[in-house]
Each structure stands twice: as C-alpha cells, then as structure tokens.
Amino acid sequence: MKLVVQVPCLNEEETLPLVLASIPSSVPGVDEVVVVVIDDGSSDRTVEVARSFGVTEIVRHHRNQGLARSFTDGVNHALAIGADIVVNTDGDNQYPQERIADLVRPILRGEADIVIADRQVGLIEHFSPGKKALQRLGSQVVNVAARTELPDAASGFRAYSREALMRLNTVTRFSYCMETIIQAGNKNLAIASVPVLTNPKTRESRLFSSTRQHVFRSGAAIVRAYVMYRPYVIFGVMAALFGVLGLAPFARYAVLAATGDGGGHVQSLLVGAALIVMSSLCLMLGIVSDLIRTNRALIEANLEHTKRARFDILRVPTTPAITSVAGANGAVR
C-alpha cells in the first residue's frame with residue numbers, strides 16, 4: 001500500500017519547510033509514504049527547498065498552469081509511480097499534515113473513495129463573517145449539485161483512492177475542488193468528511209485576487225460541472241418556466257376575447273409566442289445537451305480504461321525523478 005502526498009507550490013520557499021516537516025513518514029496501514037512536489041512555475045527556491053528535505057519526486061511546470069492543472073499532473077505522476085492513495089495538501093501550510101493518517105483511514109477501511117477535510121469554517125479566525133457565510137453557501141450549492149452532504153466542499157485537503165482517481169477527470173483550470181466533488185457525486189463514489197483545525201494564516205491566497213472573483217469563478221465551475229452531468233434538469237426547468245410564462249398571455253387574451261375586449265391586446269399574443277419559442281429552444285438545447293452528456297459518459301469510460309492500461313503498466317519502482325511540464329499544452333516530458 002503506497003500513499004503519495006502531493007504538494008502544489010507556487011513560490012512557497014518560506015512555508016514549504018513547515019509542510020514537509022509535518023508530513024508523517026509512516027502511516028498505519030500504509031507500507032510507503034512518498035512526497036511529490038508540484039512546482040507550478042515558481043521563480044524562487046521552492047524546488048531547492050524540496051530537495052533539501054529529501055523530496056525526489058518533483059513535477060515542474062516551466063510556466064504557471066493553475067491549481068487544477070497542478071493537481072492533475074500531480075495525480076498522473078502519483079498514479080505512474082504506483083500510488084494506491086493520493087493526499088492533496090497545500091504549500092502554504094494552511095492544512096494540518098499531521099492529520100493525514102485520519103484522512104486516509106476511511107479509504108483504508110473501504111468506507112470511502114474520497115475523504116475531504118472539514119476545516120470547520122466557523123472556527124477559522126482570519127475568515128470574515130461574510131466569507132464564512134459564502135463558504136457555507138458554496139458548500140450547500142455543491143451538495144445540491146452533487147447530491148452529497150459535505151460541510152466544507154471547498155477544502156483542498158483531501159484523500160483519493162486509486163480507483164476514484166481513475167474515474168475522475170478535471171476540466172476547469174481554476175480549481176478542481178468543486179468539480180471533482182460534483183463528478184464524484186454523480187458517479188456514485190463514496191465521499192466522507194473528517195473535521196480538522198487549520199493552521200494559522202501564513203499569506204494571502206494566490207488562487208484569486210478578491211472574494212468577488214472567487215465567487216464568480218467558483219460559481220462558473222459549479223454550473224459547468226452540473227451542466228455536464230445533469231443538463232436536462234437546468235434546461236428542463238427553463239423550458240417549463242418559459243412555457244408557463246408563454247401560455248399566460250394567451251390565456252389572458254382568451255379571457256379578454258371572450259368578454260369582447262380582445263381587439264386591442266394582440267401584443268399579448270406576440271409576447272406569448274416569443275416566450276413559447278424560447279421554451280422550445282430550451283427544450284431542444286436540453287435534448288442536445290443530454291446527448292452530449294451521453295457521449296461524454298462513453299468517452300470517460302474509454303478514458304478510464306486507457307488510464308488503467310497506462311498506469312497499471314507504468315507502476316515503476318520509486319526512483320528519483322523530475323517530471324517537467326512545458327508550455328501551455330502541458331505536454332509531459
């Protein structure tokens with residue numbers, strides 16, 4: 001049983017030592033713990049610091065690719081070196097790495113495919129009341145979309161089983177957190193939660209420049225992921241809404257015509273006709289989107305088989321390795 005702890009980093013030379021020093025060298029039920037550092041285009045001594053702590057597995061991006069890409073490349077590298085469980089933490093030391101054993105325990109027991117740390121947002125001192133409320137609201141929205149009951153869907157401190165990673169595919173470049181939960185929920189993967197207390201704040205977030213940007217990007221990621229797996233719900237609701245609104249002017253005109261006052265209200269028919277056309281368009285978009293969803297399911301099934309064939313063959317001994325990912329296309333060399 002091999003556990004890989006991956007640490008995405010962007011200019012984390014100051015905080016990375018705290019992270020690496022607190023990652024346990026042994027975990028009950030695990031035979032080997034391997035640390036993988038993903039350097040997302042750092043311009044400081046992040047890589048040198050990682051090497052000084054004995055990290056031999058390093059994935060490097062020559063340019064900044066974003067958190068989601070770093071997560072994906074780290075996972076691919078972890079699977080290639082034979083990971084059975086992958087734990088994702090952060091290079092800014094906000095998460096308690098000493099709780100990794102608690103995080104992987106439900107997977108080792110066969111109780112969960114994914115385990116997400118509950119940061120207990122209400123107890124985080126540097127979060128403002130507004131941010132705490134937004135975090136709770138975001139988790140509720142994700143739970144509705146994924147049909148889960150997670151208290152902290154935005155937490156990046158989480159563990160994945162090998163089987164779960166074979167079935168998950170990230171598309172967004174902003175953050176993988178919401179998307180992977182919605183995917184996992186719609187693929188009926190078992191998701192558990194473990195309460196933790198975060199470490200004191202070390203720096204401002206580099207993932208977003210403002211709360212407004214974070215809300216907008218997270219919302220867009222949630223909607224995109226939801227539409228991918230349940231488009232008929234969104235377009236079905238829109239079609240029904242426009243349909244009802246479109247029938248209302250016709251009903252009004254019929255009542256007025258029955259009372260002999262329908263001559264001057266032809267505009268009601270025009271408004272009703274326009275709304276019914278919009279309803280029909282939503283219905284057609286829903287049908288097309290559902291066909292695309294079916295096609296996506298077939299592609300993902302094929303991709304899962306490809307991953308299994310690739311990574312089961314590529315299970316190699318743990319030897320020092322540096323994987324470089326160059327350019328915007330993220331080609332691995």
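Up top is the structure these notes are about.
Report on the accompanying structure. Because the structure is a prediction, the values reported are computed rather than measured.

1. Observations regarding helix α5 (residues 129–146)
Phase 1: Its 18 residues give α5 an end-to-end C-alpha distance of 26 Å, which sits within 8% of 26 Å, the value for a rise of 1.5 Å per residue.
Phase 2: Listed in full, the buried residues belonging to α5 are Lys132, Gln135, Gly138, Ser139, Val142, Asn143, Ala145 and Ala146. Down the axis of α5, the sector holding all buried residues measures 165 degrees, keeping them to one side. Facing away from the buried side of α5, by more than 90 degrees, are the exposed residues Pro129 and Val144.
Phase 3: Count one or two residues on from α5 and you reach Arg147, which has phi positive near 60 degrees.

2. Some remarks on the packing of α5 against helix α7 (residues 177–186)
Phase 1: Following both chains from N to C, one finds α5 and α7 inclined at 30 degrees, their axes separated by 8 Å at the closest point. The orientation of α5 with respect to α7, classified from their angle, is roughly parallel. Two packed elements cross with a definite hand, and for α5 against α7 that hand is right-handed. Note on element contacts: α7 touches α5 through Met178, Ile181, Ile182, Gly185 and Asn186, opposite Val142, Ala145 and Ala146.

3. Side note on the environment of Ile23
Phase 1: Within the secondary structure, Ile23 is located in the loop between α1 (16–22) and β2 (32–40).
Phase 2: Under the relative-accessibility criterion, Ile23 is labelled buried at 10%.
Phase 3: Counting along the chain gives 75 residues from Ile23 to Glu98, while the straight-line C-alpha distance between them is 6.0 Å.
Phase 4: In this structure, Ile23 is in contact with Val5, Val7, Val35, Gln97 and Ile100, ignoring residues within four places of it in sequence.

Criteria and cut-off values
Residues numbered from 1 in each chain as written. Predicted model: local features only at pLDDT ≥ 70, side-chain atom pairs only at ≥ 80, totals over all residues. Heavy atoms only, no water. Helix = DSSP H or I, 4+ residues; strand = E, 2+ residues; numbered from the N terminus. Expected span 1.5 Å × (residues − 1). Buried < 20%, exposed > 50% of the residue type's maximum accessible area, 1.4 Å probe, protein only. Arc of directions from axis to C-beta. Axes fitted to C-alpha atoms, helices over the stretch in contact; angles between N-to-C directions. Parallel < 35°, antiparallel > 145°, perpendicular 65-115°, else oblique. Left-handed = near helix turned anticlockwise from the far one by under 90°. Contact = heavy atoms within 4.5 Å.

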